[in-house]
Amino acid sequence: MALKNSQYEIITRIYNEKQLRNRRNQTKRQEEIYKKIPRIHEIDYSIATISVKRAKELLNGNETALSRLRQELIDLAEEKRLLLLRGNYPEDYLEMQYDCPDCQDTGYCNGVKCHCFKQAAIDMLYTQSNLREILKIENFQNFTLSYYDNEVINPLTGKTQMINMTEIHDICRTFVLHFGTEFENLFFYGDTGVGKTFLSNCIAKELLDRSFSVIYLSAIELFDLFSRITFSEDIPEQSNNLLQFIIECDLLIIDDLGTELTNTFTNSKLFYCLNTRYLHKKSTIISTNLTLDRINDTYSERIFSRISSNYTLLKFFGEDIRIKKKLLTKRS
């Protein structure tokens, strides 16, 4: 993905800092273990000296040197592993710990930009710092069903709000669990303040923590970007780069669909976005306050068909949770 040289240099510097930090942390762990379990220091020294000794023997024609070295290294590694476990340390405690195990913090896998590099570029082009602050609060760890009523049964679904949200929560958890191996899209629709955005954020947090690339945009922001690129004579390079990421990122979240001014332009761009991502098997989550009937009336038949056929439709209903929280806060 095209980046300005200055932007690329900043990202490269970040990766260099990651590598230095992780090497320092590994050295600290090693010093800690050498003090607490001196035998491991002896083992590491033995591995180095035995390797040199057997190499010399091999050069002098000793054909058994290599097989003996292999067995000795296996035995020493096993002793080291057992010592760590007995000391209540994980067996990989002395190994290098990477922020991204896939590329080992180089930014590249087999010469191709890693998914973590793509997310770093997204963060460079589109500041999601506000989202990241929100995700510290709105995540699965803080999700609770206590605000959802479990007495009133919705006549259309035959479920209470709590039962409905329990099922939706489980579907979202499964979506996260199988993300990257199974292709799925989610469509959240229902009243204002019943948890659609919160659950979108929960999913975003989990996938960002697993190094998937995620872009979160309101419908207004999405179509504003499309408008700037289509109608501006001088298109910022940053906007073009971001558009590519919108199409290629692992997960695109479009929040509050229907709050934008809808017309033939927004209809065509929405279909382009959804259809292109579908063809590339890139997952999308859409949330809206509109009913399915209103979606059908507001957008083109192609868009409604794409959503109804290729998205898991999840209906949210109940009282406004945000109002409930405010009332409970005032009482306390």
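Please refer to the structure placed before this passage.
Below is a short write-up of the structure. (Residues numbered from 1 in each chain as written. Predicted model: local features only at pLDDT ≥ 70, side-chain atom pairs only at ≥ 80, totals over all residues. Heavy atoms only, no water.)

1. Some remarks on the overall build of the protein
Logical step 1: Across its full length, the protein holds 13 helices and nine strands.
Logical step 2: For the protein, whose C-alpha radius of gyration is 27 Å, the value lies well above the compact-globule estimate of 20 Å for 332 residues.
Logical step 3: Considering only C-alpha atoms, the protein reaches an extent of 85 × 55 × 40 Å along its principal axes.
Logical step 4: Taken across its 332 residues, the protein has 40% of its residues classed as buried.
Logical step 5: Long-range pairs, those at least 24 residues apart, make up 76% of the contacts in the protein between residues at least 6 apart in sequence.
Logical step 6: On the protein, roughly 18700 Å² of surface is accessible, and the fraction owed to carbon and sulfur atoms is 52%.
Logical step 7: When the 43 basic and 45 acidic side-chain charges of the protein are each reduced to a single mean position, those positions are 4 Å apart. (Helix = DSSP H or I, 4+ residues; strand = E, 2+ residues; numbered from the N terminus. Rg over C-alpha atoms; globule rule 2.2 N^0.38 Å. Buried < 20%, exposed > 50% of the residue type's maximum accessible area, 1.4 Å probe, protein only. Contact = heavy atoms within 4.5 Å. Areas by Shrake-Rupley, 256 points an atom, 1.4 Å probe, with all protein chains shown as cover. Lys, Arg positive; Asp, Glu negative; His and termini not counted. Charge placed at Lys NZ, Arg CZ, Asp CG, Glu CD.)

2. Re the packing of aromatic side chains
Logical step 1: Tallied over the entire structure, the rule returns 10 aromatic pairs.
Logical step 2: Where phenylalanine 183 meets tyrosine 278, the ring centres are 5.9 Å apart and the plane angle is 50°; that geometry is what we call tilted. Of the two residues, phenylalanine 183 sits in the loop between α6 (161-177) and β5 (186-190) while tyrosine 278 sits in helix α10 (residues 264-279), which places them 95 residues apart along the sequence.
Logical step 3: By relative accessible area, which is 22% here, tyrosine 278 ends up partly exposed.
Logical step 4: What links up through ring pairs into an aromatic cluster is the set Tyr15, Tyr108 and Phe117.
Logical step 5: Seen from the ring of tyrosine 93, arginine 29 lies directly overhead, with NZ or CZ sitting 5.9 Å from the centre.
Logical step 6: Sitting over the face of the ring of phenylalanine 271, arginine 302 holds its NZ or CZ atom 3.8 Å from the ring centroid. (Phe/Tyr/Trp six-rings, centres within 6.5 Å; stacked < 30°, edge-to-face > 60°. Lys NZ or Arg CZ within 6 Å of the ring centre and 35° of its normal.)

3. As for the pairing of strand β7 (residues 251-257)
Logical step 1: Judged by how many residues are buried, β7 sits mostly within the fold: six of seven residues are covered.
Logical step 2: Pairing of strand β6 (residues 214-218) with β7 involves five bridges; the strand directions are parallel. Looking across to β7, one finds that valine 214 is bridged to leucine 251.
Logical step 3: Strand direction decides the pairing type here: β7 and strand β8 (residues 283-288), joined by five bridges, are parallel. Counterpart to leucine 252 in the pairing with β8 is threonine 284.
Logical step 4: As for the winding sense of the linkage, the β-α-β connection from β7 through α10 to β8 is right-handed. (Pairing = 2+ DSSP bridges. Right-handed = clockwise from strand over helix to strand, strands pointing away.)

4. Examining the packing of helix α8 (residues 219-231) against α10
Logical step 1: At a closest axis distance of 11 Å, the pairing of α8 and α10 adopts a crossing angle of 105°. In terms of orientation, α8 lies roughly perpendicular with respect to α10. Across from Phe223, Phe226, Ser227, Thr230 and Phe231 in α8, the residues of α10 making contact are Phe265, Thr266, Lys269, Leu270, Tyr272 and Cys273.
Logical step 2: Here the residues of the contact of α8 with α10 sort into seven nonpolar, three polar and one charged. (Axes fitted to C-alpha atoms, helices over the stretch in contact; angles between N-to-C directions. Parallel < 35°, antiparallel > 145°, perpendicular 65-115°, else oblique. Nonpolar A, V, L, I, M, F, W, Y, C, P; charged D, E, K, R; others polar.)

5. Digging into the packing of α10 against helix α12 (residues 301-310)
Logical step 1: One can describe the packing of α10 onto α12 by two numbers: an axis separation of 9 Å at closest approach and a directional angle of 30°. Between α10 and α12 lies a crossing of left-handed hand. Contact with α10, carried on its side by Asn267, Leu270, Phe271, Leu274, Asn275 and Tyr278, involves Arg302, Ile303, Arg306, Ile307 and Asn310 of α12 and no other residues of that element.
Logical step 2: Tallied by class, the residues present in the contact of α10 with α12 amount to six nonpolar, three polar and two charged. (Left-handed = near helix turned anticlockwise from the far one by under 90°.)

6. Brief notes about unusual backbone geometry
Logical step 1: A positive phi angle, close to 65°, is found at asparagine 88, a residue other than glycine.
Logical step 2: Within the secondary structure, asparagine 88 is located in the loop between α3 (65-86) and β1 (108-109).
Logical step 3: Classification of asparagine 88 by relative accessible area gives exposed; the value is 72%.
Logical step 4: Within the chain, asparagine 110 stands out as a residue other than glycine whose phi angle is a positive 55°.
Logical step 5: If you trace the backbone, asparagine 110 turns up in the loop between β1 and β2 (112-113).

7. Quick look at the sheet that holds β7
Logical step 1: Spatially, the five strands line up as an open sheet ordered β6-β7-β8-β5-β9, and their pairing is parallel. This sheet does not close on itself; its edge strands, each paired only once, are β6 and β9 (312-316). Mean inter-strand twist for the sheet, computed between neighbouring axes without regard to direction, equals 15°.
Logical step 2: Where α8 meets the sheet, its contacts fall on β6 and β7, and the angle it forms with β6 comes to roughly 95°.

8. A look at the nonpolar core
Most often, soluble globular proteins have nonpolar side chains that are buried together.
Logical step 1: One finds Ile215, Ile246, Ile254, Leu257, Leu270, Leu274 and Ile286 to be the most contacted residues of the largest nonpolar core, which totals 39 residues.
Logical step 2: Broken down by element, the residue count for this core peaks at six residues, all from α8.
Logical step 3: In contact with isoleucine 254, not counting residues within four places along its chain, are Leu217, Ala219, Leu222, Leu270, Leu274, Thr284, Ile285, Ile286 and Ser287. (Core = buried A, V, L, I, M, F, W, Y, C linked by side-chain atoms within 4.5 Å.)

9. Quick word on the pattern of salt bridges
Logical step 1: According to the stated counting rule, one finds 14 salt bridges in the structure shown.
Logical step 2: Here aspartate 44 ties to lysine 80 by a salt bridge, and the two come within 2.8 Å at their closest N and O atoms. Note that aspartate 44 is positioned in helix α2 (residues 38-59) and lysine 80 in helix α3, a separation of 36 residues in sequence.
Logical step 3: The exposure class assigned to lysine 80 is buried, which follows from its relative accessible area of 19%.
Logical step 4: Notably, a salt bridge pairs glutamate 72 with arginine 54, separated by 2.7 Å at the nearest N-O pair. Taken as a pair, glutamate 72 in helix α3 and arginine 54 in helix α2 lie far apart in primary sequence, 18 residues in all. (Salt bridge = Lys/Arg side-chain N within 4 Å of Asp/Glu carboxyl O.)

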